[in-house]
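What the coordinates show
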Amino acid sequence: MKNLILFSLFLSLHCAGRAQTLTLAADKQKIVIGEQFHLQLVGSFAKPATVWPTVDSLAHLEILEKGKVDTVRSGGSWTISQTFLVTSWDSGQWLIPAIALGKFKTRPLKIDVAFSPSPFDVNQPYHDVREIIDVKKPPESRWYWYLLFVVILVALLLLIFPPKRKKEAPAQPSGEDVFKDAVKKLQKLEQNAPADNKVLYTQLVAIFREYLHRRKNIQSFSKTTDDLAIQISRLEIPEHQYRALLNTLRLSDLVKFARFQPTQEDNKVSIETIKETIITIEGVPHAV
């Protein structure tokens, strides 16, 4: 979740069949020493790839975590992706070389690693180290007497004016109320869809994450799409519906972070997929 965040994606699952590419992207290209960032390797192919590039080390960079290789089929094309959590302890400007897979090859990616967020100004004059300066011993303070007086005064005020009892916390909404609230918000979003697709998908995914948090106690707001997908896979959702949900969440990432423009039909299918998933998780019959 302010805290991941996310990634720079370049291809949509809906347009993967139009071109075959292999792309490497980073969510940050300027970092300070020790700062972490994400790399994502994405391939779009007409046929499922039998091999995948093995990335174990990068010069001047350290791979902290390697995500699993994820394959998604959309129509007659295949999209394969893998995410890496990376940092660097060497300052400088480093170039990640091209990664090849058969005849496909990524573009080299430049990463700037600095000592601090603000560059050092070499034009500023240097200052000599100052000599040790003698300081006068401050006069002895009687601060503890003042502290004791304040404590006694506060205790007297509490005895004379005891604090009011807190009001009872309002009752937590039932599971049925949470479900109805989520469905109501989805219907309202469908009827009054924002013209800005980024706003639409932000609200759509927020409704789904809020439902998971309130109904299933899943801390969804602080999770990335991949982490959330792992948690959702533990719920009893049919495989085809889980795949449709995963495609919708990744389409949302493309719209929000890669400026992909979906069609009106894509938006309609995305809202319906979230709605059907919530109904399945809730255990309510399809006719509801």
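The text that follows walks through the structure, step by step, so that each part is easy to find.

1. Things to note about the nonpolar core
- Phe-208, Tyr-211, Leu-212, Ile-232 and Ile-278 are the most contacted members of the largest nonpolar core, which totals 32 residues.
- Among the secondary structure elements, those contributing two or more residues to this core are helix H2 (175-191), helix H3 (197-216), helix H4 (225-233), helix H5 (239-257) and helix H6 (264-282).
- Among the elements that line this core, the one with the most residues is H3, at 8 residues.
- Phe-37, Trp-52, Ile-99 and Phe-104 belong to the second largest nonpolar core, which has 24 residues in total.

2. Here's the deal with H5
- Between its first and last C-alpha, H5 extends 27 Å over 19 residues, near the 27 Å set by a 1.5 Å rise per residue.
- If you check which residues of H5 are buried, you get Gln-241, Tyr-242, Leu-245, Leu-246, Thr-248, Leu-249, Arg-250, Leu-251, Ser-252, Asp-253, Leu-254 and Val-255.
- Where the residues of H5 are buried, they touch strand E5 (70-74), H3, H4 and H6.
- Once H5 finishes, Arg-259 follows within two positions and takes phi at roughly 60 degrees, a positive value.

3. Notes on the pattern of salt bridges
- Per the stated rule, a full pass over the model turns up 10 salt bridges.
- In this structure, the salt-bridge partner of Lys-28 is Glu-35, at a minimum N-O distance of 2.8 Å.
- Here Lys-28 falls in the partly exposed class, since its relative accessible area comes to 33%.
- As a salt-bridge pair, Asp-70 and Arg-250 come within 1.9 Å of each other at their nearest N and O atoms. Here Asp-70 is found in strand E5, whereas its partner Arg-250 is found in helix H5, with 180 residues between them in sequence.

4. Focus on the pairing of strand E1 (residues 21-26)
- Burial within E1 is extensive, with 5 of its 6 residues counted as buried.
- Relative to strand E3 (residues 37-45), E1 is paired through 6 bridges, and the arrangement is antiparallel. In the strand pairing of E3, Leu-24 is matched with Leu-41.

Rules used throughout
Residues numbered from 1 in each chain as written. Predicted model: local features only at pLDDT ≥ 70, side-chain atom pairs only at ≥ 80, totals over all residues. Heavy atoms only, no water. Core = buried A, V, L, I, M, F, W, Y, C linked by side-chain atoms within 4.5 Å. Buried < 20%, exposed > 50% of the residue type's maximum accessible area, 1.4 Å probe, protein only. Helix = DSSP H or I, 4+ residues; strand = E, 2+ residues; numbered from the N terminus. Expected span 1.5 Å × (residues − 1). Contact = heavy atoms within 4.5 Å. Salt bridge = Lys/Arg side-chain N within 4 Å of Asp/Glu carboxyl O. Pairing = 2+ DSSP bridges.

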